[in-house]
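A look at the structure
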Amino acid sequence: ANASGATTDYVIDNPKLKPERTVSSLAGSQDQQPTYAQETRLENPPSIVLTRFASQTLYAPARLIPQDNRIQRVRVKPHPQQWPLIRSTKGESLAVQTHAAWRGFGLYVTAVSVINASPLTVELDVRNVRGDFRHLTPQHTWLGPQGSDEDRTVIYLVSTQPYHSALKGVSHGF
């Protein structure tokens, strides 16, 4: 950005989501209700579409937050602190906090913050995540020691059921 740059916002329209007006052959110029072109085939697997949607919703500037009628936000309860989402392998301590969840294409995606509460640098190994999750994507694959600028990240967890139900699949007495 600079002083001589454009001062107006740019709007980029997706032609697949623009209303298509159809003219009734019987009524001459009378318009029917608009119908919307819907993409029936996804360009990427649903897990990737949901993960990208969640990431962009959390981190994009307001003008770039995605809109998709096929994905709806759902309520998610806080993560139970007494139950670790990620198994410790080297004595690290990780705090977990749920941010938001969405549903679409028969799947759920939940954005979860993971915060390093130990003095160790932690390599995130998604094989140590506990729960019945179909797809896991960490924003970053390692965490710096507690108190550093790199001590937290977000993991996107995709499952066939809501977040707390996916946790119950492996947790007794939860």
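Placed above this text is the structure.
In short, a report on the structure.

1. Focus: the environment of leucine 85
By the secondary structure assignment, leucine 85 is in the loop between β3 (71–74) and β4 (94–104). Spatially, the C-alpha atom of leucine 85 lies 5.3 Å from that of arginine 130, the residues being 45 residues apart in sequence.

2. Digging into the packing of aromatic side chains
In this structure the tally under the stated criterion is 2 aromatic pairs. When the ring of phenylalanine 53 is compared with that of tryptophan 102, the centres are 6.3 Å apart and the planes differ by 80°; the resulting orientation is edge-to-face. With a gap of 49 residues between them, phenylalanine 53 in helix α1 (residues 46–59) and tryptophan 102 in strand β4 connect regions that are remote in the sequence. Across the pair, exposure class does not vary: phenylalanine 53 and tryptophan 102 are buried alike.

3. So, the pattern of salt bridges
Scanning all chains against the criterion turns up 3 salt bridges. A salt bridge links arginine 127 to aspartate 125; the nearest nitrogen and oxygen atoms lie 2.7 Å apart. With relative accessibility at 66%, the residue arginine 127 sits in the exposed group. Take aspartate 125: its relative accessible area is 27%, and that puts it in the partly exposed class.

4. Re the sheet that holds β3
With antiparallel pairing, the 5 strands of this open sheet are ordered in space as β3-β4-β5-β9-β7. With one partner strand each, in any of the chains shown, β3 and β7 (135–138) form the two edges of the open sheet. Sheet twist, expressed as the mean angle between neighbouring strand axes with direction ignored, is 25°. Pairing analysis gives 10 bridges linking β4 to strand β5 (residues 107–116), with the strands arranged antiparallel.

5. Concerning the nonpolar core
In this structure, Leu85, Ile86, Phe133, Leu157 and Tyr163 are the most contacted members of the largest nonpolar core, which totals 16 residues. Contributions of two or more residues to this core are made by β5, β9 (152–159) and α2 (163–168). With 3 residues, α2 is the largest single contributor of residues to this core. Dropping the residues within four chain positions of it, isoleucine 86 is found in contact with Leu94, Val114, Leu124, Asn128, Val129 and Ile155.

6. Re α1
Its 14 residues give α1 an end-to-end C-alpha distance of 20 Å, which sits within 8% of 20 Å, the value for a rise of 1.5 Å per residue. Along α1, the residues that are buried comprise Ser47, Val49, Leu50, Thr51, Phe53, Ala54, Ser55 and Thr57. Taken together, the buried residues of α1 touch β3, β4, β5, β7 and β9.

Cut-offs and rules
- Residues numbered from 1 in each chain as written.
- Predicted model: local features only at pLDDT ≥ 70, side-chain atom pairs only at ≥ 80, totals over all residues.
- Heavy atoms only, no water.
- Helix = DSSP H or I, 4+ residues; strand = E, 2+ residues; numbered from the N terminus.
- Phe/Tyr/Trp six-rings, centres within 6.5 Å; stacked < 30°, edge-to-face > 60°.
- Buried < 20%, exposed > 50% of the residue type's maximum accessible area, 1.4 Å probe, protein only.
- Salt bridge = Lys/Arg side-chain N within 4 Å of Asp/Glu carboxyl O.
- Pairing = 2+ DSSP bridges.
- Axes fitted to C-alpha atoms, helices over the stretch in contact; angles between N-to-C directions.
- Core = buried A, V, L, I, M, F, W, Y, C linked by side-chain atoms within 4.5 Å.
- Contact = heavy atoms within 4.5 Å.
- Expected span 1.5 Å × (residues − 1).

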